[in-house]
Amino acid sequence: DTEVTQTPKHLVMGMTNKKSLKCEQHMGHRAMYWYKQKAKKPPELMFVYSYEKLSINESVPSRFSPECPNSSLLNLHLHALQPEDSALYLCASSQDINSNTGELFFGEGSRLTVL
Amino acid sequence: AQSVAQPEDQVNVAEGNPLTVKCTYSVSGNPYLFWYVQYPNRGLQFLLKYITGDNLVKGSYGFEAEFNKSQTSFHLKKPSALVSDSALYFCAVRVFSSGSARQLTFGSGTQLTVLP
């Protein structure tokens, strides 16, 4: 069982909708991540938060807006998405952005379909 | 710079036979190497990692991996495959130096199919 919880598991939205993906972890980790994954492809890093501050933005379009309300929660706000944004969105956490153990713990993902 | 290569998109093996999923890496610095598994419609699950020390690393579900510095490889192995091992496997690398770490770089993935 994963200790990173993502909701919703599935989301269908139109191109004009506004929706949010949510992620929660209670492992005391101080780094949290959003990844985008297309079918049968490796995850692509989108954003990294370290101690609740945005540390890395991998040139993600502004229609994706991350938010870290506290050390346990991570949101991804979605607005005016395109059909090509349909993918599995994975949240992950790690002890620290510079942890020398380095493994990430992933949630089960939110499968997004944009019509 | 850091990168990993998984030369095989697909690996098929009969149940009960040993399995190997290949991974090679290229880094400037000391590598931290990881294997993750992804079952259909699920997130990635951590299997094992190499940080330092013993070159043979044992992980979850009976998997192990051998770090070979001279060949820059980190192949995933299991002595006897199960049908339930069928999944998508990702190798990943991270370089850590001078108090900071690059983010994980994933390989392209290898689909393992274990045939009954």
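Attention in this report is confined to the structure presented alongside it. Because the structure is predicted, anything quoted here is derived from the model rather than measured.

Some remarks on unusual backbone geometry
Trans is the prevailing form of peptide bonds, just as negative phi is the prevailing case for residues other than glycine.
Residue and element names in this part refer to chain A.
Here is step 1: In this structure, P8 follows T7 across a cis peptide bond, with omega equal to -10 degrees.
Here is step 2: In this structure, P8 sits in the loop between β1 (4-7) and β2 (10-13).
Here is step 3: Positive phi is not limited to glycine here, since K40 has a value of about 65 degrees.
Here is step 4: Mapped onto the elements of the fold, K40 is located in the loop between β4 (31-37) and β5 (44-50).
Here is step 5: Phi is positive for S59, which is not a glycine, with a value near 55 degrees.
Here is step 6: Looking at the element boundaries, S59 is found in the loop between β6 (53-57) and β7 (64-70).
Here is step 7: Residue class for S59 comes out exposed when judged on its relative accessible area of 70%.

A closer look at empty space enclosed by the protein
Residues and elements named next belong to chain A.
Here is step 1: Taken as a whole, this structure holds 1 cavity of 30 Å³ or more when the rule is applied.
Here is step 2: Quantified by volume, the largest cavity comes out at close to 40 Å³.
Here is step 3: Lining the largest cavity, in full, are H29, R30, A31, M32, Y49, Y51, E52, C68 and S71.
Here is step 4: Along the lines of polarity and charge, the residues of the lining of the largest cavity split into 5 nonpolar, 2 polar and 2 charged.

Comments concerning the interface of chain B and chain A
Here is step 1: With 24 residues of chain B at the contact, the number on the chain A side is 24 residues.
Here is step 2: Counting across the chain B and chain A interface gives 2 salt bridges.
Here is step 3: In this structure, the salt-bridge partner of K49(B) is E103(A), at a minimum N-O distance of 2.6 Å.
Here is step 4: At the junction of chain B with chain A, the criterion picks out 7 residue pairs in polar contact (both at pLDDT 80 or more).
Here is step 5: Contributing elements (two or more residues each) for the side of chain B that touches chain A: β5 (31-38), β6 (44-50), β10 (87-97) and β11 (100-101) of chain B.

Quick notes on the rules
- Residues numbered from 1 in each chain as written.
- Chains lettered and ligands numbered in written order.
- Predicted model: local features only at pLDDT ≥ 70, side-chain atom pairs only at ≥ 80, totals over all residues.
- Heavy atoms only, no water.
- Helix = DSSP H or I, 4+ residues; strand = E, 2+ residues; numbered from the N terminus.
- Buried < 20%, exposed > 50% of the residue type's maximum accessible area, 1.4 Å probe, protein only.
- 1 Å grid on protein atoms, 1.4 Å probe; cavity = no way out; pocket = protein on both sides within 12 Å on 5 of 7 lines; lining within 4 Å.
- Points joined across faces, edges and corners; volume = space filled by probe spheres on them.
- Nonpolar A, V, L, I, M, F, W, Y, C, P; charged D, E, K, R; others polar.
- Contact = heavy atoms within 4.5 Å.
- Salt bridge = Lys/Arg side-chain N within 4 Å of Asp/Glu carboxyl O.
- Polar contact = N/O pair within 3.5 Å; in protein donor to acceptor, adjacent residues only side chain to side chain.

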